[in-house]
Amino acid sequence: MTEAEPVPAAVPNATDSNGTEVLNATAKFVATPEGTALAYGSLVVMALLPIFFGALRSVTCSKSKELGDGGYDSGFRNSADAPETITSRDAARFPIIASCTLFGLYLFFKVFSQEYINLLLSVYFFVLGVLALAHTMSPAMSRIFPESFPNKQYQLLFTQGSGESKEEIVNYEFDTKNLVCLLISSVVGVWYLLKKHWIANNVFGLAFALNGVELLHLNNVSTGCILLGGLFIYDVFWVFGTNVMVTVAKSFEAPIKLVFPQDLLEKGLEASNFAMLGLGDIVIPGIFIALLLRFDVSLKKNSRTYFYSSFLAYIFGLGLTIFVMHTFKHAQPALLYLVPACVGFPVVVALCKGELTEMFSYESSEEVLPASPRITSFPTVSGSPASLAASMETMATGSSPRHRRVLPTSM
């Protein structure tokens, strides 16, 4: 599935543990002001974490690719492991592809049993989540393990054909540290698969979002404006114009959204009345904010003006989304508020500093990623567990309009 943002920014109080509306008004839970504030505040914090750290990691992995060194130990060993670049053509057609996929999912849930579809999706996202979380943990694990740790290298290779016609299907490199990360991630995966607990859902969701922000690189600011503008229209139409997005969001049981219970103070960890935030509301603005951080770095002024201005703009836009949703008690297309804020604030800053032309002429693929590869082969996979996790996560969050190495996905 390739979707940018299948879940509205948040859903008001009338939801049960599966995100479905509670129609019986007499049984409807009314969240306390404290519970509501805790839920919305937690969603904002969880949204900011992958954007902030994903943006920092996007700069680090870009520099590692540019210098050709191994300083950033996240599994980037081969050229196929590099961040994936989104061009203006990708950005322009992505809302159309996302709309077709969203409506296709809507028809699927109308025609086929929701139970069997979600069973299949649960297994699928179990694999995605384990790989994405392992990729997220990899740099931290590299620092935790002592230098004396026996870190052996392994390679899993599948080929098709023989002789000159031999073709690599999977070239999967990993080491002992990667295996430890996969083991820990698998424990979380089994927990999610068996219990569908909201904490396990959020762990996977955060991993998906961080990987998306880190590894999806807009090639310039114009492309970012095209992508955000297109998804702005997409979001508004499918939320306000139809019931398609809300229906799919409530039917789709997968870690493609962050959730936090509004009745946590009353019911503890077994709480079931959730506010939710779609991963698309994090990844889509996040990759634009990460681009501005790389632009800050390219200026070589030891300043992060554009990054901080766009980061504050995201906080403002998300806060406005929650305020409007809470006031009108209706699901809101978060990009309606996030896109003008995240684009408008940096543009105003650039105008004030006289750097607007320089900002729009900046080319990330040239300045930071001079040899960014264009993945066109399918279904060949080459690289480390980190690259496979990132590729699969990219599709699971619906953030990448192209370069699907293994599986199609998103929401």
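These numbers come from a predicted model, not from an experiment. Every residue gets a number counted from 1 within its own chain, in the order that chain's sequence is written. Local features in a predicted model are, by the rule used here, given only for residues with pLDDT of at least 70; side-chain atom pairs are given and counted only at 80 or more, and totals for whole chains, interfaces and linings are based on all residues. Processing note: side-chain calculations cover all non-hydrogen atoms of the structure and skip hydrogens and water entirely.

1. A word on the overall build of the protein chain
Link 1 in the chain: A tally of regular secondary structure across the protein chain gives 14 helices and 7 strands.
Link 2 in the chain: Residue burial is assigned from relative accessible area. The probe radius is 1.4 Å, only protein chains are included, and a residue is buried under 20% of its type maximum, exposed over 50%, and partly exposed in between. Looking at the 411 residues of the protein chain, the share that counts as buried comes to 57%.
Link 3 in the chain: Any two residues having at least one pair of non-hydrogen atoms within 4.5 Å are treated as being in contact. Long-range contacts, defined here as pairs at least 24 residues apart, represent 78% of the contacts in the protein chain between residues at least 6 apart. Strands here are runs of E lasting at least two residues and helices are runs of H or I lasting at least four, both read from the DSSP assignment and numbered beginning at the N terminus.

2. Concerning the UniProt feature "transmembrane region" (unreviewed entry) in the protein chain
Link 1 in the chain: UniProt positions are given in the numbering used here, feature names are shortened, and annotations may be inferred rather than shown by experiment. The sites that UniProt annotates as "transmembrane region" (unreviewed entry) are residues 37-56, 91-109, 115-134, 199-218, 225-249, 274-293, 305-328 and 334-352.
Link 2 in the chain: Here residues 274-293 is 70% helix and 25% strand, with 33 Å between the C-alpha atoms at its ends.
Link 3 in the chain: With 95% helix and 0% strand, residues 334-352 has its two end C-alpha atoms placed 27 Å apart.

3. Brief notes about the environment of Leu336
Link 1 in the chain: Along the chain, Leu336 turns up in helix α11 (residues 335-353).
Link 2 in the chain: Given a relative accessible area of 23%, Leu336 falls into the partly exposed group.
Link 3 in the chain: Each C-alpha atom, one on Leu336 and one on Asp235, is 7.2 Å from the other, the two residues being 101 residues apart in sequence.
Link 4 in the chain: In contact with Leu336, other than residues within four places in its own chain, are Phe232, Val236 and Phe240.

4. Considering α11
Link 1 in the chain: Relative to the 27 Å expected for 19 residues at 1.5 Å per residue, α11 spans 27 Å between its end C-alpha atoms, a close match to the ideal helical length.
Link 2 in the chain: Taken together, the buried positions of α11 are Leu335, Tyr337, Leu338, Val339, Ala341, Cys342, Val343, Pro346 and Ala350.
Link 3 in the chain: In the core, the buried residues of α11 are packed alongside α6 (221-241), α9 (280-299), α10 (305-328) and α12 (356-361). Helix span is expected to be 1.5 Å times the residue number reduced by one.

5. Points about a nonpolar patch on the surface
Link 1 in the chain: Like charges are joined within 9 Å and nonpolar side chains (Val, Leu, Ile, Met, Phe, Trp, Tyr) within 5 Å, but only among residues with over 30% relative accessible area and no salt bridge; these make up the patches. Only the protein chains shown count as covering a residue, and every accessible area follows the Shrake-Rupley method with a 1.4 Å probe. Salt bridges are defined by distance alone: a side-chain nitrogen of Lys or Arg within 4 Å of a carboxyl oxygen of Asp or Glu. A surface patch of nonpolar side chains, about 330 Å² in accessible area, is lined by Val45, Leu49, Phe53 and Leu56.
Link 2 in the chain: You can see Leu49 is positioned in helix α1 (residues 33-67).
Link 3 in the chain: Given a relative accessible area of 40%, Leu49 falls into the partly exposed group.

6. Digging into the packing of aromatic side chains
Link 1 in the chain: Whether two aromatic rings pair depends on their centres lying within 6.5 Å, for rings of Phe, Tyr and Trp, where Trp uses its six-membered ring; planes under 30 degrees apart make the pair stacked, over 60 edge-to-face, and the rest tilted. As enumerated under the stated definition, the model contains 20 aromatic pairs in all.
Link 2 in the chain: Measuring from centroid to centroid gives 5.8 Å for Phe52 and Phe307, while their planes differ by 45 degrees, and the two rings are tilted. Residue Phe52 is found in helix α1, and its partner Phe307 is found in helix α10; the two are separated by 255 residues along the sequence.
Link 3 in the chain: Phe52 sits in the partly exposed class, given a relative accessible area of 26%.
Link 4 in the chain: Here Phe108 and Phe112 contribute two aromatic rings whose centre-to-centre distance is 5.1 Å and whose plane-to-plane angle is 35 degrees, an arrangement assigned as tilted.
Link 5 in the chain: Judged by relative accessible area, Phe108 falls into the partly exposed class, the value being 48%.
Link 6 in the chain: Since its relative accessible area comes to 48%, Phe112 is described here as partly exposed.
Link 7 in the chain: Here the aromatic cluster, defined as three or more aromatic residues joined through ring pairs, consists of Phe52, Phe53, Phe307, Tyr308 and Phe311.

7. Notes on the pairing of strand β3 (residues 167-175)
Link 1 in the chain: Note that strand β2 (residues 153-160) and β3 share 8 bridges and pair antiparallel. From the neighbouring strand, Leu156 faces β3, where its bridge partner is Tyr172.
Link 2 in the chain: If you look at the hairpin formed by β2 and β3, you'll find 6 residues sitting between the two strands, and Gly161 has a positive phi there, around 85 degrees. Note on pairing: two strands pair once DSSP finds at least 2 bridges between them.

8. Description of the pairing of strand β5 (residues 257-261)
Regular strands show a simple pattern: their side chains alternate between the two faces of the sheet.
Link 1 in the chain: Burial analysis of β5 places 5 of its 5 residues in the buried class, the great majority of the element.
Link 2 in the chain: In this structure, β5 lies alongside strand β6 (residues 274-278), joined through 5 bridges in antiparallel fashion. Its bridge partner lying in β6, Leu258 is registered against Leu277.

9. Overview of the nonpolar core
Link 1 in the chain: Definition of nonpolar core: a set of buried residues of the types Ala, Val, Leu, Ile, Met, Phe, Trp, Tyr and Cys, connected through side-chain atoms within 4.5 Å. Judged by nonpolar contacts, the single largest core of 96 residues is most densely connected at Leu43, Phe125, Phe252, Ile282, Tyr314 and Leu318.
Link 2 in the chain: If we skip the residues at most four places from it in the chain, Ile282 touches Ala47, Pro50, Ile51, Ala209, Val213, Leu258, Leu277 and Tyr314.

10. Regarding α6
Link 1 in the chain: For α6, spanning 21 residues, the distance from its first C-alpha to its last is 29 Å, which sits close to the expected 30 Å at 1.5 Å a residue.
Link 2 in the chain: Burial in α6 covers these residues: Val221, Thr223, Gly224, Leu227, Leu228, Gly230, Leu231, Tyr234, Asp235, Trp238 and Val239.
Link 3 in the chain: Any N or O atom pair separated by 3.5 Å or less is treated as a polar contact, with the protein-specific requirement of one donor-capable and one acceptor-capable atom, and with residues adjacent in sequence counted only for side-chain atom pairs. Taking the backbone nitrogen of Ser222 as reference, a side-chain oxygen 3.2 Å away marks Asn220 as the first, capping residue of α6.

11. Some points on the packing of helix α2 (residues 88-111) against helix α7 (residues 244-251)
Link 1 in the chain: Interaxial angles span 0 to 180 degrees and are taken between N-to-C directions of axes, which are lines fitted to C-alpha atoms, for helices over the stretch in contact. Taken N-terminus to C-terminus, the directions of α2 and α7 make an angle of 60 degrees; their axes are 9 Å apart at the nearest point. By the angle between their directions, the pair α2 and α7 is classed as oblique. For α2 against α7, the interelement crossing comes out left-handed. Together, Leu102, Phe103, Leu105, Tyr106 and Phe109 of α2 and Val244, Met245, Thr247, Val248 and Ser251 of α7 make up the contact between the two elements.
Link 2 in the chain: Basically, the charged four are Asp, Glu, Lys and Arg, the nonpolar ten are Ala, Val, Leu, Ile, Met, Phe, Trp, Tyr, Cys and Pro, and anything else, Gly included, counts as polar. Residue composition of the contact of α2 with α7, by class: 8 nonpolar, 2 polar and no charged. Angles are sorted into four bins: roughly parallel if under 35 degrees, roughly antiparallel if over 145, roughly perpendicular if 65 to 115, and oblique for all others. By definition, turning the near helix anticlockwise from the far helix through less than a right angle yields a left-handed crossing, and turning it clockwise yields a right-handed one.

12. Looking at the pattern of salt bridges
Any two side chains of opposite charge can pair, given that their charged atoms come close.
Link 1 in the chain: Enumeration according to the criterion identifies 6 salt bridges in this entry.
Link 2 in the chain: Two residues, Arg57 and Glu214, come together in a salt bridge whose shortest N-O distance is 3.2 Å. You can see Arg57 sitting in helix α1 and its partner Glu214 sitting in helix α5 (residues 198-215), a full 157 residues away along the chain. Each member of the pair, Arg57 as well as Glu214, is classed as buried.
Link 3 in the chain: The closest approach of N and O atoms between Lys196 and Glu253, which form a salt bridge, is 3.8 Å.

13. Points about the side chain of Glu355
Link 1 in the chain: By the secondary structure assignment, Glu355 is in the loop between α11 and α12.
Link 2 in the chain: With a relative accessible area of 6%, Glu355 lands in the buried category.
Link 3 in the chain: Looking at Glu355, its side chain comes within polar contact range of the side chain of Lys301, at 2.5 Å.
Link 4 in the chain: At 2.5 Å, the side chain of Glu355 and the side chain of Tyr306 are in polar contact.
Link 5 in the chain: Other than its neighbours up to four places away in sequence, Glu355 contacts Leu299, Lys301, Tyr306 and Ala350.

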